[in-house]
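Tertiary structure, described
What follows is each chain in one-letter form.
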Amino acid sequence: MNAKIIRLGEVDSTNRYLKNYHPADDEQMTVAVADFQTAGKGQGAHTWESEAGKNLLFSIMVHPHWVPVCRQFVLSMAEALAVKDALDSYVEGITLKWPNDVYWNDKKISGTLIETSVDSHGIKTCVFGTGVNINQMEFHSDAPNPVSLAQILGHKVDREEVLQKILAAFDKYYELLRRADYMDVSGIYHLALYRRKGYHRYEDKDGEFEGAFVEVEDDGHLILHDKQGVIRSYAFGEIKFINNI
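Here is a short report on the structure shown in this document.

What counts and how
- Residues numbered from 1 in each chain as written.
- Predicted model: local features only at pLDDT ≥ 70, side-chain atom pairs only at ≥ 80, totals over all residues.
- Heavy atoms only, no water.
- Pairing = 2+ DSSP bridges.
- Helix = DSSP H or I, 4+ residues; strand = E, 2+ residues; numbered from the N terminus.
- 1 Å grid on protein atoms, 1.4 Å probe; cavity = no way out; pocket = protein on both sides within 12 Å on 5 of 7 lines; lining within 4 Å.
- Points joined across faces, edges and corners; volume = space filled by probe spheres on them.
- Nonpolar A, V, L, I, M, F, W, Y, C, P; charged D, E, K, R; others polar.
- Contact = heavy atoms within 4.5 Å.
- Polar contact = N/O pair within 3.5 Å; in protein donor to acceptor, adjacent residues only side chain to side chain.
- Axes fitted to C-alpha atoms, helices over the stretch in contact; angles between N-to-C directions.
- Parallel < 35°, antiparallel > 145°, perpendicular 65-115°, else oblique.
- Disulfide = S-S within 2.5 Å.
- Left-handed = near helix turned anticlockwise from the far one by under 90°.

1. Considerations on the pairing of strand S6 (residues 107-119)
- Pairing of strand S5 (residues 101-104) with S6 involves three bridges; the strand directions are antiparallel. Counted as the bridge partner of Tyr103 is Lys108 from S6.
- Taking the residues between adjacent antiparallel strands as the criterion, S5 and S6 are bridged by two residues, where Asn105 takes a positive phi near 55°.
- In textbook terms, the turn of a hairpin is the stretch between consecutive antiparallel strands, and for S6 and strand S7 (residues 122-132) this stretch comprises two residues.

2. Some thoughts on the sheet that holds strand S11 (residues 231-234)
- Across the sheet, which stays open at both edges, the five strands sit in the order S11-S10-S9-S8-S12 with antiparallel pairing between neighbours. Of all strands in the sheet, those with a lone pairing partner are S11 and strand S12 (240-241), marking the two edges.
- In the sheet, strand S10 (residues 222-226) pairs with S11 via four bridges, with the strands oriented antiparallel. Of the residues in S11, the one forming a bridge with His225 is Ile231.

3. Topic: empty space enclosed by the protein
- Tallied over the entire structure, the rule returns one cavity of 30 Å³ or more.
- Put simply, the largest cavity is a space of about 50 Å³.
- Taken together, Trp98, Leu193, Tyr194, Arg195, Tyr202, Phe213, Leu222, Leu224 and Phe241 make up the lining of the largest cavity.
- In the lining of the largest cavity, the residues fall into eight nonpolar, no polar and one charged.

4. Side note on the environment of Ser13
- Along the polypeptide, Ser13 turns up in the loop between strand S1 (3-11) and helix H1 (14-19).
- When the C-alpha positions of Ser13 and Ala34 are compared, they lie 8.5 Å apart, and in sequence the two are 21 residues distant.
- In this view, Ser13 contacts Gln37 and Ala39; residues no more than four positions away in its chain are not counted.
- A polar contact is formed between the side chain of Ser13 and the backbone nitrogen of Asn15, at a distance of 3.2 Å.

5. Some details on the packing of helix H4 (residues 159-178) against helix H5 (residues 182-191)
- Taken N-terminus to C-terminus, the directions of H4 and H5 make an angle of 135°; their axes are 7 Å apart at the nearest point. Here H4 lies oblique to H5, going by the angle between them. Counting all contacts with H4, which are made through Tyr173, Leu176 and Leu177, the residues of H5 involved are Tyr182, Val185 and Ile188.
- Tallied by class, residues from the contact of H4 with H5 come to six nonpolar, no polar and no charged.

6. Quick word on the sheet that holds strand S2 (residues 29-37)
- One open sheet accounts for seven strands, arranged S1-S2-S3-S7-S6-S5-S4; its pairing is mixed. Unpaired on one side and paired on the other, S1 and strand S4 (94-97) mark the two borders of the sheet. Taken over all neighbouring pairs, the strand axes of this sheet differ in orientation by 20° on average, direction set aside.
- Both S4 and S5 contribute to a ladder of four bridges, which runs antiparallel. Looking at S5, one finds that Leu96 is bridged to Val102.
- Across the sheet, helix H2 (residues 73-88) lies against strand S3 (56-62), S4, S5, S6 and S7, angled at about 30° from S7, the strand it touches most.
- This element, H4, spans S1, S2, S3 and S7 of the sheet and lies at about 25° to S3.

7. Things to note about the state of the cysteines
- A full pass over the atoms with the stated rule returns zero disulfides.
- Cys126 provides the cysteine sulfur closest to Cys70, a residue in no disulfide bond, and the two sulfurs are 15 Å apart.

8. What to know about the packing of H2 against H5
- Running from N to C, H2 and H5 cross one another at 55°; their axes reach a closest spacing of 10 Å. The pairing of H2 with H5 is recorded here as oblique in orientation. Relative to H5, the crossing made by H2 is left-handed. Along the contact surface, H2 presents Phe73, Val74, Met77, Ala78 and Leu81, while H5 presents Tyr182, Val185, Ser186, Ile188, Tyr189 and His190.
- Looking at the contact of H2 with H5 residue by residue, the class counts come to nine nonpolar, two polar and no charged.

So far we have only geometry, and geometry alone does not tell us how the molecule works.
Written as structure tokens, this is what we have:
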């Protein structure tokens, strides 16, 4: 799938840029890449800290009308797996923290904000806004556990090279979804998950508990079971992972 790549020096948000962008009729995928975002967003009210020119800040816009609305979380899986595949080529220890953060061991190296619009025909557009920490060596926000590829490797990495690897991997997973191979993508995603084995500490509205992973359902709900054998189901924002560091 050919992608149109738009390169921006400074922008408030690559997601916002693409949401206001009108693609050509034959434009299947549009990518906006920025050196700096003045209002980069994370999940909820969080922001994404990034020094100008140091990290990879981009959004991908696609039009997957053929993905059933009830299964749209597979799009999130595909994008997260694409980032993981790219980072796997540089370092071991990359996993996916539900729903779509990318971790190196217990530290966060990438996050994605996904914004989807739906009409009467199904999914109209899906915009993935991704930040990947590449060459930033110091972090000053209150984020508890950031890490960059350069911190891990001890040297700088070509941001464009990482972007091209992500786009190539995304194209691969997107094609699987186009063929309705949802279970293939879901299976790979499940095998890549952070804290996939054993009991770990979590916190929900009722307090802390230890839980073990069961599955991520088609609609994106995380299913855990606690040490009392109770099955617990969580939507985005309903559970906090207690850091091991």
